[in-house]
Amino acid sequence: MVERMINMGYHAATDFIPQLTDCLARNFIWMTSCDSFHNVPFELLLSCVKHPCLTVDSEKHLCDSILLWLAANTIPYDLLNSTGDARLEIFTEIRTSLLSLPFAAGKRRCPLFSKFAERSVDAILSLATSSSFSLANILGGGDFSQLRIRLTECTKILDLSGCPQISLPLLLLSMLPFSYSVDTMLTKKLNQLPLKLERFNMDVSRIPWETFPVLTFEAVEVVDVSNCPMLHLEAAIECFSKSFPSLTTLKAAYTSNFRTMKLYQLLQRCPLLSNIDLTVESNPVIPAKVSVISSFPVVKLQISTSSNEETCPAVPTFHFSRRLSNITNLILEGRTDIYDSDLHNIAECCPSLCCINLNVCTSITDSGISVILLKCVGLHSIFACDTFFAHNCVLSLCRDISRFDGVAMKMEKNTNSLAYKLQILHIGGCKAISEITLLELISQLYRVRSLCLRETQLDDNSLYKFSGSSLEMLDVSDTKVSCHAVGHVVRRSPHLKCLIARGCRHLLKEESNILENSPALSYNCPVLYYELGKSCNLEEISLGWGFSFFSLEALRPAIKMLRTFIVGLGGSLGEDGLKLVPTFCPWLETLILYFQVISDSVVRNILETLKNLQVLALCYCFGEISSLSFQFSAPCLRKLKLERVTAQMTNDDLLTLAQNCMNITELSLLGCRRLNSESQDTISNGWPGLISLHLEDCGEVTAKGVTSLMNCQALEDLLLRHNGLGIDKNFIIRAASRMPLLRKVALDVCDAKDGDFDLPDFTDRRFLSIVKIARCNLKRRTLDSMKSGPCTTPVHAETLILTWDSEKLSRTVVKERL
């Protein structure tokens, strides 16, 4: 289609070419998605990129498209000697200051784009780390076009995710008419916005918005400002309401400074909104999973609010109106600043709610959640894992919604209950639900497609009550179910795509219900895997106890299109079984192995054969692997976890790994005791776009401090434990200032050069939401060592956890090593 349009343009009159360019520029995303995109002439591509109506979702998308075209039209020799290619001038059209930080940092190893990427990272960090935003200082009072986000009349999606440089003044600048961007007085007003927000205690209603003549972009429907720590979301909502009247979807994940009480403002200003994502980092202190030693008093943050909000917490801080209720999907995952009163208000405001995600919202109760279930009768998707979801919630789900006087649970199937109509129910980790209550709930889940019951009181009696036939995903990990009961569900679920059953010890029990007339079934192949192989076409499977080589053989018909394969504790495929995995599952994207027998030949076979592999985790496996395992190029690999399987890894081995697996963004190494401080250079130079780095028990990596790792400026998650006594006392504060997207830090006092770490206050923490500091006790290894001197080994004692949400700082000490 693209080629036909191009041919028409070049064979028609010359004055048709501008019209063609205009059309392709406005539909640039469609053009780049076509198979023939690489055949577009360079002159036409350049004209499109320069066109004022160029429409892309983000600068990242534009950059990727140009790189794709150049890679298809440049010979390998030119890729290595790209400085003389005149076509590279097209990169100057990319507004590199507006690229996302992880993307720009990752492109520093791209031969074609490395110099531009370096400049981009410098510009992003300059904008993101400046104490006060000043357009004049940044550009010297010159042209602001490079700082204007691309918005046209055809823009439908605005993706600013991962851009720590995006602030309110910069956002407003992009919404103003171009002629206003050089107005000195207006520029001054933009620069004063952050100061006014501080002066007015973040009360955005007191900002004189009428002084900013923003444009309207009717086509914009989706805005993604996730991971934009500098953007004041409450103020940005005012901008969205004026410029994006058709906005239906707002993604603002990891915006911890947005207060849940301001949800009302969001709905009032953008009445067409139907999808909202306000996910934050999940609090690791989940009551059902940790043993709390002590909890410090909660410290309220000084960031609020106008005087009328400084009232008793028991009094609702806002009221909803039903006429504002267009919300169908609401994601509040991980938010500890949401309470039962907020759920009451949401239930009043959003009667049309279809999907709600409350995973790990640990401040709400069973009664609070039940209010949502009682009032939002259109709910078909509920995510409430690791909450206090319990008896009251089940009562609400199982009541007859056609009656107003009945909330009593009924033993018979109730086709008028909310449970009967549910499509998604995820209540994993909700251990307060009794076995009897769970049985009653499952008996009414007739239409459910996705069911997560991990770590609950689930047993065979409850699972046998399941009578649905639409199930596509089932998670029963760490429960008491057996092969018989899971097999019962599988037989009823021909559309099952995902089965997660790790940690189910009862699956190991000898299978007595083997079909006598099936010679394909051996003593070692329980009926569950036979049923799966006979009736399912799986995309994801996670198994442990009882899973063996024979089970894999039985599963073969069901795993031809498998994308995710996880084998955990209690499973034993053996080396022969692991060598068959790439043959049985050629489309695998994720492979995670715990406690399996591995070798270099196994890993080499996996990397050489599975061309689509993006995630590889080898954890606590038997046998060690060497650098020979990573001699093959794996450009698709994004996440790599090597835990207690590469004890002999050296700095040279790590360099080999970096050269062959260039695109890793998440790296976890545990037990690589031959590494030293020089490995920091290999990591920061080899993977400059890392967003997650875990190094534990890795020799002397931090014995001389943490220097080169600071160059991994896109990090969001950093764990450094037992890697050498050399980390400075102020490391947490320094890391937060150098890495503007950093949300999680985990350290151990054993590595503190001065015996302790400075804890950040509200200002110093920047974007941090979770800090974990473990502490060890030194214990003698053996009784004999007492005679020969102070030979000791560290043994974990406790972990201090600091968590920030939009309103408070919480400090907790737990027994677990989190």
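Residues numbered from 1 in each chain as written. Predicted model: local features only at pLDDT ≥ 70, side-chain atom pairs only at ≥ 80, totals over all residues. Heavy atoms only, no water.

**Focus: the pairing of strand β17 (residues 615–619)**
Inference 1: The buried fraction of β17 amounts to 5 of the 5 residues, a majority that puts the element mostly inside the structure.
Inference 2: Burial along β17 is two-sided: Val615, Ala617 and Cys619 and Leu616 and Leu618, pointing in opposite directions, are all buried.
Inference 3: Of the crossover connections in this fold, the one passing from strand β16 (residues 590–594) over helix α24 (residues 600–609) to the parallel β17 is right-handed. (Buried < 20%, exposed > 50% of the residue type's maximum accessible area, 1.4 Å probe, protein only. Helix = DSSP H or I, 4+ residues; strand = E, 2+ residues; numbered from the N terminus. Right-handed = clockwise from strand over helix to strand, strands pointing away.)

**Here we look at the side chain of Glu807**
Inference 1: If you trace the backbone, Glu807 turns up in the loop between β24 (792–804) and β25 (808–814).
Inference 2: The exposure class assigned to Glu807 is buried, which follows from its relative accessible area of 19%.
Inference 3: One polar contact links Glu807 to Tyr339, side chain to side chain, over a distance of 2.4 Å. (Polar contact = N/O pair within 3.5 Å; in protein donor to acceptor, adjacent residues only side chain to side chain.)

**Let's talk about the confidence of the model for the protein**
In low-pLDDT regions, the fine details of the predicted coordinates are not to be read closely.
Inference 1: Looking at the protein as a whole, its pLDDT mean stands at 86, while 84% of the residues score no less than 70.
Inference 2: Low pLDDT (under 50) marks residues 510–525, which in the prediction has 21 contacts with non-local residues, meaning those over four places away or in another chain.
Inference 3: Within the model, the stretch residues 785–789 combines pLDDT values under 50 with 4 contacts to residues more than four positions away or in other chains. (pLDDT = per-residue confidence, 0-100. Contact = heavy atoms within 4.5 Å.)

**Notes on the packing of aromatic side chains**
Inference 1: Taken as a whole and assessed by the stated rule, the structure comprises 11 aromatic pairs.
Inference 2: Ring centres 6.1 Å apart and planes at 90° place the aromatic pair Phe547 and Phe565 in the edge-to-face group. Residue Phe547 is found in the loop between β14 (540–543) and α22 (549–555), and its partner Phe565 is found in strand β15 (residues 564–567); the two are separated by 18 residues along the sequence.
Inference 3: When its relative accessible area of 1% is taken as the criterion, Phe547 is described as buried.
Inference 4: With a centroid separation of 5.9 Å and an interplanar angle of 85°, the aromatic rings of Phe549 and Phe550 are classed as edge-to-face.
Inference 5: Phe550 gets classed as partly exposed once you look at its relative accessible area, which sits at 40%.
Inference 6: Through a chain of ring-to-ring contacts, three or more aromatic side chains come together here, namely Phe91, Phe113 and Phe116.
Inference 7: Over the face of the ring belonging to Phe116 we find Arg119, whose NZ or CZ atom lies 4.9 Å from the ring centre.
Inference 8: Positioned above the aromatic ring of Tyr254 is the side chain of Arg743, whose terminal nitrogen or guanidinium carbon lies 3.8 Å from the ring centre. (Phe/Tyr/Trp six-rings, centres within 6.5 Å; stacked < 30°, edge-to-face > 60°. Lys NZ or Arg CZ within 6 Å of the ring centre and 35° of its normal.)

**As for the pattern of salt bridges**
Inference 1: Evaluation of the coordinates by the stated rule reveals 31 salt bridges.
Inference 2: The partner of Asp337 in a salt bridge is Arg335, with the nearest N and O atoms 3.1 Å apart.
Inference 3: Of the residues examined, Asp337 reaches a relative accessible area of 4% and is grouped as buried.
Inference 4: Given the relative accessible area of 2%, Arg335 is considered buried.
Inference 5: Taking the shortest distance from any N to any O, the salt bridge between Lys744 and Asp717 comes out at 3.7 Å. (Salt bridge = Lys/Arg side-chain N within 4 Å of Asp/Glu carboxyl O.)

**Here's the deal with helix α14 (residues 340–349)**
Note that an α-helix has 3.6 residues per turn; residues three or four places apart therefore point the same way.
Inference 1: Burial analysis of α14 places 7 of its 10 residues in the buried class, which makes it a mostly covered element.
Inference 2: Taken together, the buried positions of α14 are occupied by Asp340, Asp342, Leu343, Asn345, Ile346, Ala347 and Cys349.
Inference 3: Residues of α14 that are buried make contact with α13 (263–269), β7 (329–331) and α15 (366–375).

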